[in-house]
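Descriptive structure summary
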Amino acid sequence: MTVIEQISVGLGDRSYPVLIGPDLLVMADKYLADLIVKKQVVIISDTIIGPIYQNSLAKAIMPICDRVEILQVPAGETSKSLSVLDKVCNDILNIGIDRNTVLIALGGGVVGDLVGFVSAVLLRGTQYIQIPTSLLAQVDSSVGGKTGINAKAGKNLIGAFHQPKLVLADTNLLISLPKRELLAGYAEIVKYGLLGDANFFSWLEDNWSGVLSLDKDKIIYAVKRSCEMKAKIVAADETEKSMRALLNLGHTFAHAFEAVANYDGQLLHGEAVAAGLGLAFDFSVIRKMCAKEDAIRVHNHLLQVGLPDNYASLPAGKAPISVIIEHMKKDKKNISGKLTFVLANKIGSACIVPNISEEEITSFFMAKGVNHV
Ligand SMILES: NC(=O)c1ccc[n+]([C@@H]2O[C@H](COP(=O)([O-])OP(=O)(O)OC[C@H]3O[C@@H](n4cnc5c(N)ncnc54)[C@H](O)[C@@H]3O)[C@@H](O)[C@H]2O)c1
């Protein structure tokens, strides 16, 4: 008997369930039936995921639909662009839709962010469902309604908060995910333990190998606990006025490294986040906010699973301190030109620290061996 875990993102009349378990895709008709009013669906996927899963999904929902259309965008971060947004919107409009048409984002965070934004702007708002296929998307990007694309000036700068009607996180879909992508998604799971649940981090220290080998119970628990934590934070602060920023633990570092690496696939988001988590704990130790033993545990775990844990072990994204800081200055959390970081008091407790000067972060980077010029 397969256990399907269900959690709810509590946002009043915009609340929605997140279902987690194996074989959800092939039983999608059961979960989508009540949502597909007009019986018209557009599945949007990418050129890697589409060929693997789009036909199974179309076949599963055919009995509850009059019409199922399928679109694909190129795989990779470049699809979060104005040109792809333009093409997808026009392709969908050419199909002939109305506000009751349901869009399904079948893919990783790229497809999810893009389709969510298409759904937010098309006809001034349509409905969409997330079927996340990467671990990162299952534990993070599919939940919470942050949608968007990248601008020339930076990542995720064009977007909207627009919540899906349902998230179906089918853990069987992770079987085809490349190992490096799986590991990158695992970094976001570690992040949840570090920012708010020390027991979960301890559980990961004991069970990481089962999670990464996709042991059924362990991967379901890891995805469920991550989604539970994200759902709770999103319900309390949907539009990131306060505590939602805690989800950015490690991300001020990570986003800067990703910008340096040019989003060309040499540095995955989760890898940058892993290094950012190690650095956030080191920075917290230097600021005397956090015990050194906690930072050592964080580094040990990241190294044990095979993730980068600091600047030196980044596979790409390295630059002189001034260049990294220029990217950090574009972070949406900054206030009045001063850097804001999410740091840690201990494992399981993160906090937002504003007013960090360039001098302080420069001397931290110098202590870490980053080139000054
Ligand atoms: N909206 C949010 O709250 C939020 C949060 C975190 C990250 N993000 C965004 O998510 C994006 C990164 O997401 P991602 O890591 O999923 O990247 P991605 O969507 O590019 O997927 C990574 C790669 O894995 C492939 N893939 C995905 N699922 C697969 C599967 N089951 N089998 C085989 N291949 C598969 C994809 O085709 C792609 O090549 C970034 O753009 C980031 O900004 C958004």
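Thresholds, definitions, all that
Residues numbered from 1 in each chain as written. Predicted model: local features only at pLDDT ≥ 70, side-chain atom pairs only at ≥ 80, totals over all residues. Heavy atoms only, no water. Core = buried A, V, L, I, M, F, W, Y, C linked by side-chain atoms within 4.5 Å. Buried < 20%, exposed > 50% of the residue type's maximum accessible area, 1.4 Å probe, protein only. Domains from an automatic or database assignment. Contact = heavy atoms within 4.5 Å. Pairing = 2+ DSSP bridges. Helix = DSSP H or I, 4+ residues; strand = E, 2+ residues; numbered from the N terminus. Axes fitted to C-alpha atoms, helices over the stretch in contact; angles between N-to-C directions. Buried area = accessible area lost by both parts, 1.4 Å probe. Salt bridge = Lys/Arg side-chain N within 4 Å of Asp/Glu carboxyl O. Phe/Tyr/Trp six-rings, centres within 6.5 Å; stacked < 30°, edge-to-face > 60°. Parallel < 35°, antiparallel > 145°, perpendicular 65-115°, else oblique. Left-handed = near helix turned anticlockwise from the far one by under 90°. Nonpolar A, V, L, I, M, F, W, Y, C, P; charged D, E, K, R; others polar. Near = heavy atom within 4 Å. Polar contact = N/O pair within 3.5 Å; in protein donor to acceptor, adjacent residues only side chain to side chain. Areas by Shrake-Rupley, 256 points an atom, 1.4 Å probe, with all protein chains shown as cover.

What to know about the nonpolar core
In this structure, Leu135, Tyr186, Phe253 and Ile361 are the most contacted members of the largest nonpolar core, which totals 82 residues. Residues from two domains meet in this core; each of domain 1 (5-176) and domain 2 (179-367) gives at least three. Apart from residues no more than four positions distant in its own chain, Phe253 is found in contact with Gly276, Leu279, Ala280, Phe283, Met328, Phe341, Ile361, Phe364 and Phe365. Counting 27 residues, the second-largest nonpolar core is a separate cluster that includes Leu35, Ile43, Leu57 and Ala60.

Considerations on the sheet that holds strand E3 (residues 40-46)
Each strand in a sheet pairs with another by means of backbone hydrogen bonds, the pair being arranged parallel or else antiparallel. In space, the seven strands of this open sheet follow the order E1-E2-E9-E6-E5-E3-E4, with mixed pairing throughout. Unpaired on one side and paired on the other, strand E1 (5-9) and strand E4 (67-73) mark the two borders of the sheet. The sheet shows a mean angle of 20° between the axes of neighbouring strands, taken without regard to direction. Two elements, strand E2 (residues 16-21) and strand E9 (residues 166-170), share four bridges in a ladder whose sense is parallel. Paired with Ile20 across the bridge in E9 is Ala169. Across the sheet, helix H2 (residues 49-61) touches E3, E4, strand E5 (102-107) and strand E6 (127-132), and the angle it forms with E3 is around 165°. Contacting E1, E2 and E9, helix H8 (residues 216-236) runs over the sheet at an angle of about 15° to E1.

Quick look at the domain arrangement of the protein
For the protein, the assigned domains are domain 1 (5-176) and domain 2 (179-367). Summarising the inter-unit geometry, the C-alpha centres of domain 1 and domain 2 are found 26 Å apart. In this complex, domain 1 contributes 31 residues to the contact, which on the side of domain 2 involves 29 residues. Interface area for domain 1 against domain 2, summed over the two sides, is near 2,600 Å², with a carbon-plus-sulfur share of 70%. Where domain 1 touches domain 2, the interface holds five salt bridges.

A few points about the packing of aromatic side chains
Evaluated as defined, the whole model comprises ten aromatic pairs. Considering the side-chain rings of Phe200 and Trp203, the 6.1 Å spacing of their centres and the 20° angle between planes classify their relative orientation as stacked. Of this pair, Phe200 and Trp203 both sit in helix H7 (residues 198-212), separated by three residues, roughly a single helical turn. Ring plane angle 55° and centroid distance 5.8 Å describe the contact between Phe257 and Tyr311, whose orientation is recorded as tilted. Taken together, the residues span a long stretch of sequence, with Phe257 in helix H9 (residues 251-261) and Tyr311 in the loop between helix H11 (292-305) and helix H12 (321-328) at a distance of 54 residues.

Remarks on the packing of helix H3 (residues 82-95) against helix H4 (residues 109-121)
Packing of H3 against H4 brings their axes to within 10 Å, and their N-to-C directions diverge by 55°. Overall, the two elements H3 and H4 adopt an arrangement that is oblique. Of the two possible hands of crossing, H3 and H4 adopt the one that is right-handed. Contacts between H3 and H4 involve Val84, Leu85, Val88, Cys89 and Ile92 from the first element and Leu114, Phe117 and Val118 from the second. Here the contact of H3 with H4 is built from residues that sort into eight nonpolar, no polar and no charged.

Details of unusual backbone geometry
If you check the backbone angles, Glu240 has positive phi at about 55° while not being a glycine. Relative to the helices and strands, Glu240 is located in the loop between H8 and H9.

Topic: the pairing of E2
Counting buried positions over the six residues of E2 gives five, a clear majority of the element. Across five bridges, E1 lies against E2 in antiparallel orientation. Residue pairing in the sheet places Ile7 in a bridge with Val18 of E2. Remark: six residues form the turn of the hairpin made by E1 and E2, two consecutive strands paired antiparallel; Gly12 in that turn has positive phi of roughly 60°.

Re the site of the ligand
In the region of the ligand, 25 residues are neighbours, and Asp46, Glu77, Gly109, Ser134 and Ser176 sit closest. The separation between an oxygen atom of the ligand and a polar side-chain atom of Glu77 is 2.8 Å. Here an oxygen atom of the ligand and a backbone polar atom of Gly109 are 2.8 Å apart. Within the complex, the protein chains bury 89% of what would otherwise be the 860 Å² of accessible surface of the ligand. Put simply, the parts of the chain that give the shell around the ligand at least two residues each are H2, H4, helix H5 (135-141) and strand E8 (154-161). A class-by-class count of the residues in the shell around the ligand yields nine nonpolar, seven polar and nine charged.

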